[in-house]
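Listed below, chain by chain, are the residues.
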Amino acid sequence: MLSLLRQLLKDILQKFGLKVAILFLLMILAGLLDGLGMILLLPLFNLIGVTTNEVGLIHVFMERLVSFFGFSMDIKSVVAFIILAFLIQALLVITKDWLMARVETVYVDEWRSCLMKLFLNASWPFFVKNKLGSLVNLIVVQTEQVGRAFFGFAELMVAIFMVTIYVLLSFIISWEFTFFLITASALFWVICLFPFVKLSYKSGTKYTEFLDTMQVIATDYISSAKLIKATGTEKTALNNFGKALYKVKEEYFKATFFPHALKVLMEFSAIIFLCSFLLIGVKYLGVQAGVILVLLGIFFRMVPKLFHAYSSLQLLGRFLPSFARISMYQCNAITSSENLDTRDVATRKFSKSLDISIDKVTVSYDKKIVLSNFSVKIPPYQTLGIIGGSGAGKTTLVDCILGLIKPESGQIRINDIVLDEISLSEWRRSIGYVTQETVLFHDTVGANIKWGNEDVSDSELFDAAKKAYAHDFIQSLPNGYDTIVGDKGVCLSGGQRQRLALARALLGQPALLIFDEATNSLDSISEKEVLDAIYRLKMHITIIMISHRLSTLKNAEKIIVLGQGGIVDEGTWHDLESRSEHISEVLKTPGG
Ligand SMILES: Nc1ncnc2c1ncn2[C@@H]1O[C@H](COP(=O)(O)OP(=O)(O)O)[C@@H](O)[C@H]1O
Ligand SMILES: [Mg+2]
């Protein structure tokens, strides 16, 4: 826990060194003024006739202070000074709280944008490995908890400082009394406190973990609501969610109840300590009534600070595990980050004439070889058709071309430059990519098509939509291009979603178009329309067309049949059509 705290501090100091220094300065000043205000009560008591002769030094100091400002030492001046001290102290405390809240807010904000940036910069395998809900939970929930941990720590420092000031003050006023009262109560509380702090750290670690599991399940189930409803499996979903919820609930309960229980215990013990030491102070140590009054004042100001220190420590214990979690994901994301733009030819814009060469590429997942020594060439402006059964490695090949996964061996060259040396973002911006599961954002039709090309004109937008046979149906929607498509496009049919995706791909004026089983969910009329649209682009750009039906690939110059990690057959559509029985066999075999 301590090393984690050190890391958190280092991180905050790096980001807000100056602000934290000002924070501590304000805190010290506020503490000193508070002390001054309290100590001024002694001369006040003296002036109103309660004897406090143990405080000669303070009296002299006060007299000097009052005369320095040109006042005489009477009740009015002393009261005015007391009020002034507490007023300035209150202003300092408000400034400190404002600064603290600012630092916390900016800190959370910086973590959020840093995580989002790191995640989006991470390579594709990072997303395959990590759960969607966990990543969302980190950005939304855990960051806020790290902010709370920082707040807890700062508050703890404030409280410790204030308590120290009070202890010092009461030592100056009456060391014997203070020694008994403060030392004994502090000792008792520290002994009581530590097991509870440990407990809250442990519970905090579990809470962070369980909250993550709960979020993963909630994200999964809510985004699969259609399946759950269509299959009538609400009960199964609720059961599983309930189990995750139960764990979170138990830890939340502990974290909420224990601090309250301990607070009651501390309040009760404070009264016991106070009563017994008052008795000892007056009866055995002969402490004067005025001094007792001031010490009581100090004690009553100090006790809430002690409680505050305790609850801040609890806060810290509970939320520090979030910092551990965030740091871990930060490291993972950095390790798997992609060099999107720092490559030699970062600003290179790809011309439409692309010469793609895939040379002896091998890819495997968990030692299972998917592509083995795979080679193919795609000359400029050609259309390559790829056919293969489910699991043959078609999408894997596309992922390699997109640079989403790195082959274990072999090379992919674009216009004779190895993909590793090309700016990945520039390369990907030159590609129009349409997949079987169309990805649409919860936004308008227009915004979805324009995604990544926000500054195109309306006529360009309509043109792309027309080419994708989408313009007519979009115009018939209630708000045309301003219609909201719903989460992942739920308000549209599969074919309509696909056509929007095609329009988006075309709007980017790509040099390479990749269709990964993109026309699968279209009815035959729509499919023909979309295929016509695609093939009208033929000879203007390079196209890779993946399908598990030969009929879709009629217009490709070359078709390769993927199976067993490599090419099992190739030729034109006519060649393969004549061997269609053999191809049907290949498509049926697993991984073929
Ligand atoms: N991220 C992954 N981790 C492990 N195995 C994977 C991963 N992605 C794909 N695979 C496996 O690799 C094989 C090829 O997958 P894929 O390229 O998606 O096939 P296709 O697109 O031809 O249907 C499949 O057996 C699949 O289970
Ligand atoms: Mg696939």
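Predicted model, so just to flag it, every value in this text is computed and none were measured.

Rules and cut-offs
- Residues numbered from 1 in each chain as written.
- Chains lettered and ligands numbered in written order.
- Predicted model: local features only at pLDDT ≥ 70, side-chain atom pairs only at ≥ 80, totals over all residues.
- Heavy atoms only, no water.
- Helix = DSSP H or I, 4+ residues; strand = E, 2+ residues; numbered from the N terminus.
- Rg over C-alpha atoms; globule rule 2.2 N^0.38 Å.
- Buried < 20%, exposed > 50% of the residue type's maximum accessible area, 1.4 Å probe, protein only.
- Contact = heavy atoms within 4.5 Å.
- Areas by Shrake-Rupley, 256 points an atom, 1.4 Å probe, with all protein chains shown as cover.
- Lys, Arg positive; Asp, Glu negative; His and termini not counted.
- Charge placed at Lys NZ, Arg CZ, Asp CG, Glu CD.
- Domains from an automatic or database assignment.
- Near = heavy atom within 4 Å.
- Polar contact = N/O pair within 3.5 Å; in protein donor to acceptor, adjacent residues only side chain to side chain.
- Salt bridge = Lys/Arg side-chain N within 4 Å of Asp/Glu carboxyl O.
- Pairing = 2+ DSSP bridges.
- Axes fitted to C-alpha atoms, helices over the stretch in contact; angles between N-to-C directions.
- Expected span 1.5 Å × (residues − 1).
- Patch = residues over 30% accessible without salt bridge, like charges linked within 9 Å, V, L, I, M, F, W, Y side chains within 5 Å.
- Parallel < 35°, antiparallel > 145°, perpendicular 65-115°, else oblique.
- Nonpolar A, V, L, I, M, F, W, Y, C, P; charged D, E, K, R; others polar.

Trainee: Tell me what's going on with the overall build of the chain, and back it up with residues and numbers.
Mentor: Each helix and strand in the chain was counted, giving 19 helices and ten strands. A compact globule built from 592 residues would reach a C-alpha radius of gyration of about 25 Å, whereas the chain, at 36 Å, exceeds it by more than 25%. Across its three principal axes, the chain shows a C-alpha extent of roughly 115 × 50 × 50 Å. For the chain, the proportion of its 592 residues judged to be buried stands at 48%. When contacts within the chain are restricted to residue pairs at least 6 apart in sequence, those whose partners lie at least 24 apart make up 77%. For the chain, the accessible area works out to roughly 29900 Å², and carbon and sulfur atoms hold 63% of it. Looking at the chain, you have 57 positive and 54 negative side-chain charges, and the mean spots of the two groups are 5 Å apart.

Trainee: So what's going on with the domain arrangement of the chain? Which residues, and what values?
Mentor: Examined at the domain level, the chain breaks down into domain 1 (2–335) and domain 2 (356–588). One C-alpha centre belongs to domain 1, the other to domain 2; they are set 56 Å apart.

Trainee: Requested: an account of the site of ligand 1, with residues and values cited.
Mentor: Around ligand 1 lies a shell formed by Val128, Tyr365, Lys368, Val370, Gly389, Ser390, Gly391, Ala392, Gly393, Lys394, Thr395 and Thr396. For ligand 1, an oxygen atom lies 2.9 Å from a polar atom in the backbone of Gly393. Residue Thr395 places a side-chain N or O atom 2.7 Å away from an oxygen atom belonging to ligand 1. Here ligand 1, which alone exposes 560 Å², has 65% of that area covered by the protein. Of all elements in the fold, only β2 (368–378) and α11 (394–401) reach the threshold of two or more residues within the shell around ligand 1. Considering every element that reaches the shell around ligand 1, the biggest residue donor is α11, with three residues.

Trainee: Now, about the side chain of Lys450: what can you tell me, with residues and values included?
Mentor: Within the secondary structure layout, Lys450 lies in helix α13 (residues 445–450). Comment: no salt bridge for buried Lys450; closest opposite-charge side chain is Asp458, at 4.2 Å. Excluding residues within four positions of it along the chain, Lys450 makes contact with Val456, Asp458, Leu461 and Leu507.

Trainee: With reference to specific residues and values, describe unusual backbone geometry.
Mentor: Of note, Lys360 is a non-glycine position whose phi angle comes to about 50 degrees, a positive value. Structurally, Lys360 can be placed in strand β1 (residues 356–365). Backbone geometry places Asn373, a non-glycine residue, at a positive phi of 50 degrees. One can find Asn373 in strand β2.

Trainee: Give me the sheet that holds strand β10 (residues 566–571): which residues, what numbers.
Mentor: Here six strands make up an open sheet; going across it, the order is β6-β7-β8-β3-β9-β10 and the pairing mixed. Because the sheet does not close on itself, it has two edges, and the strands there are β6 (431–434) and β10. Neighbour-to-neighbour, the strand axes of the sheet open up by a mean angle of 15 degrees, direction not taken into account. When strand β3 (residues 383–388) meets strand β9 (residues 558–563), the two strands line up parallel, connected through five bridges. In the sheet register, Gly388 faces β9, and the bridge partner there is Leu562. Packing against the sheet, helix α17 (residues 524–536) makes contact with β3, β7 (512–516) and β8 (542–547), and its axis sits at approximately 150 degrees to β8. Sheet strands touched by helix α19 (residues 580–588): β3, β9 and β10. Its angle to β9, the strand with the most contacts, is close to 40 degrees.

Trainee: So what's going on with helix α16 (residues 494–507)? Which residues, and what values?
Mentor: Owing to its 3.6 residues per turn, the α-helix brings residues three or four apart onto one side. If you check α16, its first and last C-alpha atoms are 20 Å apart, about what 14 residues at 1.5 Å a residue would give, namely 20 Å. The element α16 is extensively covered by neighbouring structure, given that twelve of its 14 residues are classed as buried. Within α16 the residues assigned to the buried category are Gly495, Gln496, Gln498, Arg499, Leu500, Ala501, Leu502, Ala503, Arg504, Ala505, Leu506 and Leu507. Turning to α16, the residues buried within the fold contact β6, α13, α14 (458–467), α15 (471–475), β7 and α17. Looking at the residues trailing α16, positive phi occurs at Gln509, about 45 degrees.

Trainee: Can you tell me about a nonpolar patch on the surface, naming the residues and giving the values?
Mentor: Taken together, the side chains of Phe171, Trp175, Phe179, Phe180, Tyr284 and Leu285 define a hydrophobic patch exposed on the protein surface, amounting to about 650 Å² of accessible area. Here the nonpolar patch takes three residues from helix α7 (residues 175–223), the largest share from any one element.

Trainee: Go over the pairing of β1, please, and point to the residues and values.
Mentor: Every regular strand shows the same layout, with side chains that alternate between the two sheet faces. Counting buried positions along β1 yields seven of ten residues, so the element is predominantly enclosed. Where β1 meets β2, seven bridges bridge the pair, whose relative direction is antiparallel. Paired with Ile356 across the strands is Ile378, a residue of β2. Once β1 ends, the chain turns through two residues before running back antiparallel as β2, passing Asp366 with a positive phi of about 45 degrees.

Trainee: Lay out the pattern of salt bridges in plain terms, naming residues and giving numbers.
Mentor: All told, the structure shown has 16 salt bridges when counted by the stated rule. Here Glu557 makes a salt bridge to Lys538, at a shortest N to O gap of 2.4 Å. A residue pair is termed long-range when its members are at least 10 positions apart, and Glu557 in the loop between β8 and β9 and Lys538 in the loop between α17 and β8 qualify at 19 residues.

Trainee: Let's hear about the packing of helix α1 (residues 2–39) against helix α10 (residues 289–335): which residues, and what values?
Mentor: Describing two packed helices takes the angle between their axes plus the distance from one axis to the other. Taken N-terminus to C-terminus, the directions of α1 and α10 make an angle of 170 degrees; their axes are 16 Å apart at the nearest point. With respect to their mutual orientation, α1 and α10 come out roughly antiparallel. Every residue of α10 that contacts α1 at Leu4, Leu5, Gln7, Leu8, Asp11, Asp34 and Met38 is listed here: Val294, Gly297, Ile298, Arg301, Leu316, Leu320, Phe323, Ala324 and Ser327. The residue makeup of the contact of α1 with α10, split by class, is ten nonpolar, three polar and three charged.

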